[in-house]
Amino acid sequence: MNITFLSHHKAIIAGSVVVAGIAVGAVFLQKPESAKQAGGVYIVAPADITEQVDAGGTVVPAKSVNLAFDHGGRIARVNAAVGDSVYAGETLVTLDASDLVASRAQAEAAVQAAQANLAELNQGAKPAQVAVYQTALSGARDGAVAAIKAAYATADDAVRNKAYALFSNPESGSPSFNLTLSDTQLKINIESDQVTINKELTDWSDAVANLTSAGDIDAQISGSEHALNDAGAFLDLVNQALSVAVPTVSVPQTSIDAYKASIGAARGAVSGASQSVTAAGTALSTAEKNLTFIQSPGTSDQISAAEAAVSEAQASVQNIDAQIGKTVISAPFAGIVTEVDAKAGQVAGPSVPLVSIISNGKFQMEVYVSQVDIGKVKAGDLASVGLDAYPGQVFSAAVITVAPAPVQMTPDGAAASGSETVTGPSAAYKVTLQFDNDDARIKAGLSGNALITTEQKTNILAVPSDSIILRGTDTYVMMSASGTSPVLTKVTTGISGKGLTEITGGLAPGDGIISFTSAASSNK
């Protein structure tokens, strides 16, 4: 007869161990005095069993985040430093939003004008009311003139003060790009475009000098937008050349890097000026339409159009507000700043992390449980955690999540970096524990072990685990009665813990069984 004795042991797979007790070294196993050992015979009696899973892992913050801007820009203020405690919603880094603020003021004025226009159509216009829209139109024209002049000054500075520093004879018909490039055609293109943009700026300068609010503002806005687009394209070409420029003794890499920063800032300024001119054109167009509406009889079609104009103007304000909101990095939750890579005046790139935060005082522990034991673990299970940094001390926690898929484990019991879902003996499931209390001793990165209590039963029949015999898929014990030979008896089992296994069928209190190790003698 092929019989296998089942030895009780800790099956260590991917860092998890099945043990008993709710803390490291603590044994919550009670046996009544009636459980006696007589000549190698263990008398079956009720006992208490606590089943636990032992898993190693690392403390992590409950929340952590790297913060960046959606769009690039020049940093205006940095209000955070490493180690600072921040509250949810606190402003950490701010971009320069002056252009957007100006655009919002224009958009808000357009909303007010659209609303007034709608009211006039509904109520019937009066001379005094018409005068209001005429004043609004005059203001929009003045604003457009101001935006065009400011845009010209910005473009002129960007091209003639910043970019021309890279040319010899920039104002002549034969400028020369001073940097050494491996791409000859790129150098030719830059010099050709420089001649074109120089003439365009000269023509624009003449137009701006003669520009008044009584002139053809719409045409000037269109011409300005075209010139700004050309200036931006020219600066992009220069920036492309800087990216492939070959350092020389006269123009070392440090100078090239400085030119890159200068041209990048100039390109950003031109983009902002273009937005301002476009916004001014929108405001002017809206003011013109509003005046036309107010001076005309209010038909149903006009009223519908006026309502649409109000919605459009309000949407414009909301869009600008959204853009302004994206110029601020705020703390999404209360916590501690762990990294800051931002300085006032620096040009921040889009999606480049500038500030990192971890949650304040809230920590979790991530442990990995083998596929053999994971079926026993569920959310809500209580756990006792021992950290290597504090020998002998126990921290209470509870399971909050159990990963639905396993990961590959390394030989030292850690999750393999970038591992995909796998199966096999080296696969394990991540289990996340939440500490019950905020404790200053608990810090991110500390390692330790967690005893997860998966089930507890009291006053149940139990026998030493080492007395269990496996025969195929069935379990047996050797029953012993006084004056008779031991009899192989089939039993059904339940949970196990600290050397005991629950008996759910096949034995009754008072039955005697053979114990094969010293486990029985421990119950004398």
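Residues numbered from 1 in each chain as written. Predicted model: local features only at pLDDT ≥ 70, side-chain atom pairs only at ≥ 80, totals over all residues. Heavy atoms only, no water.

Details of the overall build of the protein
Here's step 1: Helices and strands together make up the secondary structure of the protein, namely 6 helices and 28 strands.
Here's step 2: Classification of the 524 residues of the protein by burial places 40% in the buried group.
Here's step 3: Across the protein, every contact between residues at least 6 apart in sequence was considered, and the portion connecting residues at least 24 apart equals 76%.
Here's step 4: Element-wise, carbon and sulfur atoms account for 53% of the exposed surface of the protein, whose accessible area totals about 25300 Å². (Helix = DSSP H or I, 4+ residues; strand = E, 2+ residues; numbered from the N terminus. Buried < 20%, exposed > 50% of the residue type's maximum accessible area, 1.4 Å probe, protein only. Contact = heavy atoms within 4.5 Å. Areas by Shrake-Rupley, 256 points an atom, 1.4 Å probe, with all protein chains shown as cover.)

Notes on unusual backbone geometry
Here's step 1: A positive phi is found at Asn-169, a non-glycine position, where the angle reads about 55°.
Here's step 2: Position of Asn-169 among the secondary structure elements: in the loop between strand 10 (167-168) and strand 11 (176-177).
Here's step 3: On the accessibility criterion, Asn-169 (54% relative accessible area) is exposed.
Here's step 4: The phi torsion at Asn-459 lies on the positive side, around 55°, for a residue other than glycine.

Focus: the sheet that holds strand 6 (residues 64-67)
Here's step 1: Across the sheet, which stays open at both edges, the 4 strands sit in the order 6-17-15-8 with antiparallel pairing between neighbours. Two strands lie at the open edges of the sheet, namely strand 6 and strand 8 (85-86), each paired on one side alone.
Here's step 2: Two strands pair when backbone bridges link them, and strand 8 and strand 15 (residues 335-340) are joined in this way by 2 bridges, in the antiparallel orientation. Bridge pairing links Val-86 to Gly-335 in strand 15. (Pairing = 2+ DSSP bridges.)

Description of the side chain of Ser-103
Here's step 1: By secondary structure assignment, the location of Ser-103 is in helix 1 (residues 98-123).
Here's step 2: In this structure, Ser-103 is in contact with Gln-275, Ser-276, Ala-279 and Ile-320, ignoring residues within four places of it in sequence.

A few points about the packing of aromatic side chains
Here's step 1: The tally for this structure, following the rule as stated, stands at 5 aromatic pairs.
Here's step 2: Between Phe-167 and Phe-234, the ring centres sit 6.1 Å apart and the planes meet at 25°, which makes this aromatic pair stacked. Highlighted residues: Phe-167 in strand 10 and Phe-234 in helix 4 (residues 217-244), separated in sequence by 67 residues. Assigned by exposure class, Phe-167 and Phe-234 land together as buried.
Here's step 3: Put simply, the rings of Tyr-164, Phe-167, Phe-177 and Phe-234 pair up and form one aromatic cluster.
Here's step 4: Looking at Arg-441, its charged tip hangs above the ring of Tyr-390, at a distance of 5.8 Å from the centre. (Phe/Tyr/Trp six-rings, centres within 6.5 Å; stacked < 30°, edge-to-face > 60°. Lys NZ or Arg CZ within 6 Å of the ring centre and 35° of its normal.)

What about the pairing of strand 26 (residues 487-497)?
Here's step 1: Here strand 25 (residues 474-479) runs beside strand 26; their pairing, made up of 5 bridges, is antiparallel. For Met-479, the partnering residue across the bridge sits in strand 26 and is Val-487.
Here's step 2: With 4 bridges connecting them, strand 26 and strand 27 (residues 500-505) associate as antiparallel partners. Bridged to Ser-496 within strand 27 is Thr-501.
Here's step 3: Two successive antiparallel strands, strand 26 and strand 27, enclose a turn made up of 2 residues, where Lys-498 displays a positive phi of approximately 50°.

Digging into the pairing of strand 5 (residues 45-61)
Here's step 1: For strand 5, the tally of buried residues reaches 14 of 17 residues, placing the bulk of the element in the interior.
Here's step 2: Bridging between strand 5 and strand 23 (residues 447-464) involves 13 bridges; their strand directions are antiparallel. Of the residues in strand 23, the one forming a bridge with Gln-52 is Thr-453.
Here's step 3: As paired strands, strand 5 and strand 18 (residues 363-370) are joined by 5 bridges and run antiparallel to one another. Counterpart to Val-60 in the pairing with strand 18 is Gln-364.

Quick look at the sheet that holds strand 7 (residues 73-78)
Here's step 1: Strand order across the open sheet formed by 4 strands is 14-9-7-16, with antiparallel pairing between neighbours. Because the sheet does not close on itself, it has two edges, and the strands there are strand 14 (328-330) and strand 16 (347-348).
Here's step 2: Two elements, strand 7 and strand 16, share 2 bridges in a ladder whose sense is antiparallel. Paired with Arg-74 across the two strands is Val-347, which belongs to strand 16.

Details of the pattern of salt bridges
Here's step 1: By the definition in use, this model includes 16 salt bridges.
Here's step 2: Across the pair Arg-160 and Asp-156 runs a salt bridge whose closest N-O atoms are separated by 3.0 Å. Taken as a pair, Arg-160 and Asp-156 lie in helix 2 (residues 127-162) at a separation of 4 residues, close to a single helical turn. Accessibility classification places Arg-160 together with Asp-156 in one group, the buried group.
Here's step 3: Between Asp-381 and Lys-378 there is a salt bridge, with its nearest N and O atoms 2.9 Å apart.
Here's step 4: When its relative accessible area of 6% is taken as the criterion, Asp-381 is described as buried.
Here's step 5: Through salt bridges with shared partners, a single network forms among Glu-51, Asp-373 and Lys-376. (Salt bridge = Lys/Arg side-chain N within 4 Å of Asp/Glu carboxyl O.)

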